[in-house]
Amino acid sequence: MDFSFSAFLEGVSSSPILCITVLFTLGVIFVNGWTDAPNAIATCITTRCMRVRSAILMSAVFNFLGVLIMTQINSSVASTISNMVDFGGDTHSALVALCAALLSIVVYSVGASRLGIPTSESHSLIAGLTGAALAIQNGTDGINMDEWSKVLYGLVLSLVLGFAIGWIMCKLVTLICSSKDRRTTNRFFGAAQIFGAAAMSFMHGAQDGQKFIGVLFLGIAFSNGQSSVTGMTIPVWLMLLCSIIMALGTSVGGEKIIKSVGMDMVKLEKYQGFSADLAAAFCLLLSSLFGIPVSTTHTKTSAIMGVGAVKRLSAINLGVVKDMVLTWIFTFPGCGLISFVVAKIFIDVF
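Just so it is clear, the model here is predicted, and its values are computed rather than measured.

Student: What should I look at first to understand the packing of helix α8 (residues 145-176) against helix α12 (residues 270-289) in this one?
Tutor: Packed helix pairs are characterised by how far apart their axes lie and by the angle those axes make with each other. One can describe the packing of α8 onto α12 by two numbers: an axis separation of 8 Å at closest approach and a directional angle of 140°. In terms of orientation, α8 and α12 fall into the oblique class. Crossing handedness for the pair α8 and α12: right-handed. Two secondary-structure elements touch here, α8 through Leu-157, Leu-161, Gly-162, Ile-165, Gly-166, Met-169, Cys-170, Val-173 and Thr-174 and α12 through Tyr-271, Gln-272, Ser-275, Leu-278, Ala-279, Phe-282, Cys-283, Leu-286 and Ser-287. Class assignment for the residues of the contact of α8 with α12 results in 12 nonpolar, 6 polar and no charged.

Listed below in structure tokens is the structure:
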């Protein structure tokens, strides 16, 4: 099958359904860069290590590099997303259902982000694909549980490991620097936190970029009459396209979300911000290498909570945490239901 860029452009121009799928996918990637990527730099900004615009531009660059470089090194996260559901042998209906899934993600994500609460596009994507697969297969035959189980592993991993490594990292930094001059350590961690934010942005691109590359790759395969992408190689131009769109989304900003994550949940000092960034980036790296799709929002916020818990549990604003958890809990049934209903309508109409 021809996966060249010229063949892609020809397919988009000749197939309205593929064109809509591509637009929706790129729209979701843009929204992800806009709403999710600011989590990567929230701590760096709220500890005043960088100005908002400079941090956003830096994050855009490293998101781009994360998508491009990590996908070429290890694309197992993209493969997990592509193989998680089975839309059946009718590739036209499969492409229509995929459109419905992507539309539900956009609707759900934009609605939640307007409330200033960080959304998990990862979970929205998984819920959307699952709802559409259930609709087109009229049952659970559309769910590949071997791959879907990795989502559950990722949920536990992002929460438990993020919190634990955040706590350990911050505790080590506290012990090592306990006898150091405060002004000296502040200068050091001011610079170190910029590195941490860059690493977090890189890994955000590596994780979330791969997820949406997998979806777009699946849509292109459907349009070419292929019901599966197993064993196929992701083309470099597709990595470039997705990384550019995510970088553009990141450059738009997301200052409201930055305030919600970096300031309202827990007040951080520079060494704490560095600890949270490094812990979250490490967790995302482990997940990416093992092909486990995790929520970057989950990972970063749990790392921040772990860092805050080093001082005292009361340092965490539990009200903000509660709002986030409720949003995450409702993502699977909410986005999944929207996707299921829209997929049924789209299949009947198209």
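Next comes the rest of the account.
Student: Teacher, can you tell me more about the pattern of salt bridges here?
Tutor: Opposite charge on two side chains permits them to pair, given that their charged atoms come into close proximity. Per the counting criterion, the structure on display carries 3 salt bridges. We note a salt bridge from Lys-150 to Glu-147, for which the minimum N-O separation is 3.6 Å. Taken together, the residues span about one helical turn, with Lys-150 and Glu-147 both in helix α8 at a distance of 3 residues. On the basis of relative accessibility, which here comes to 22%, the residue Lys-150 falls in the partly exposed class. Asp-208 is the salt-bridge partner of Lys-211, the closest N and O atoms lying 2.8 Å from each other. Placement of the pair is Lys-211 and Asp-208 together in helix α9 (residues 182-223), with a separation of 3 residues, close to one helical turn.

Student: Explain the nonpolar core to me, please; I cannot follow it from the model alone.
Tutor: Soluble globular proteins tend to pack their nonpolar side chains together in the buried interior. Counting 59 residues, the largest nonpolar core has Phe-87, Leu-98, Leu-129 and Leu-238 as its most contacted members. For this core, the element with the highest residue contribution is helix α6 (residues 91-113), accounting for 11 residues. Setting aside chain neighbours within four positions, we find Phe-87 in contact with Ala-94, Ala-97, Leu-98, Leu-129, Ala-132, Ala-133, Ile-136, Gln-137, Leu-218 and Phe-222. With 15 residues, the next largest nonpolar core counts Ala-206, Ala-280, Ile-292 and Ala-303 among its residues.

Student: Explain the side chain of Thr-299 here, please?
Tutor: As for its position among the elements, Thr-299 is in helix α13 (residues 296-311). Residue classification places Thr-299 among the buried residues on the basis of a relative accessible area of 1%. Reaching out from Thr-299, the side chain makes a polar contact with the backbone oxygen of Ser-295 at a distance of 2.9 Å. For Thr-299, the contacting residues outside a window of four places in its chain are Ser-158, Gly-162, Ala-280, Cys-283, Leu-284 and Val-294.

Student: How should the packing of helix α4 (residues 52-73) against helix α10 (residues 236-252) be read in this particular structure?
Tutor: Running from N to C, α4 and α10 cross one another at 160°; their axes reach a closest spacing of 8 Å. In this view, α4 runs roughly antiparallel relative to α10, as classed from their interaxial angle. Considering the relative orientation of α4 and α10, their crossing is right-handed. Mapping the contact onto sequence places Arg-53, Ile-56, Ser-59, Ala-60, Asn-63, Phe-64, Val-67, Leu-68, Thr-71 and Gln-72 in α4 and Val-236, Met-239, Leu-240, Ser-243, Ile-244, Met-246, Ala-247, Thr-250, Ser-251 and Val-252 in α10. Classifying every residue of the contact of α4 with α10 gives 12 nonpolar, 7 polar and 1 charged.

Student: Looking at this structure, I do not really get the environment of Asp-277. What am I missing?
Tutor: Residue position: Asp-277 is located in helix α12. Look at Asp-277 and you get buried, because its relative accessible area is 0%. When the C-alpha positions of Asp-277 and Ala-303 are compared, they lie 7.7 Å apart, and in sequence the two are 26 residues distant. Ignoring any residue separated from it by four or fewer positions in sequence, one finds Asp-277 in contact with Ala-40, Thr-43, Gln-193, Gly-196, Ala-197, Met-200 and Lys-300.

Criteria and cut-off values
Note that residues are indexed from 1 along each chain, following the sequence as it is written. With the structure being a predicted model, the display of local features is reserved for residues of pLDDT at least 70 and the display and counting of side-chain atom pairs for 80 or more, all residues being used for whole-chain, interface and lining totals. Think of the side-chain values as coming from all heavy atoms in the structure, minus any hydrogens and water. As a rule, the C-alpha atoms of each element are fitted with a line to give its axis, helices using only the stretch in contact, and angles between N-to-C directions run from 0 to 180 degrees. Starting at the N terminus, helices and strands are each numbered in turn, a helix being any DSSP run of H or I of at least four residues and a strand any DSSP run of E of at least two. Under this scheme an angle from 65 to 115 degrees is roughly perpendicular, one under 35 degrees roughly parallel, and one over 145 degrees roughly antiparallel; angles in between are oblique. Less than a right angle of anticlockwise turn of the near helix away from the far helix marks a crossing as left-handed, whereas a clockwise turn marks it as right-handed. The criterion used for residue contact is that any of the two residues' heavy atoms lie within 4.5 Å. Residues are sorted three ways: Asp, Glu, Lys and Arg are charged, Ala, Val, Leu, Ile, Met, Phe, Trp, Tyr, Cys and Pro are nonpolar, and all the rest, Gly among them, are polar. A carboxyl oxygen of Asp or Glu within 4 Å of a side-chain nitrogen of Lys or Arg is what we treat as a salt bridge. Burial here depends on accessible area, computed with a 1.4 Å probe over protein chains only, as a share of the maximum for the residue type. Under 20% is buried, over 50% is exposed, and the range in between is partly exposed. Each nonpolar core is a collection of buried residues, namely Ala, Val, Leu, Ile, Met, Phe, Trp, Tyr and Cys, held together in the definition by side-chain atoms within 4.5 Å. Between N or O atoms, a polar contact is any pair within 3.5 Å; within protein, one atom must be a potential hydrogen donor and the other a potential acceptor, and residues adjacent in sequence are included only when both atoms are from side chains.

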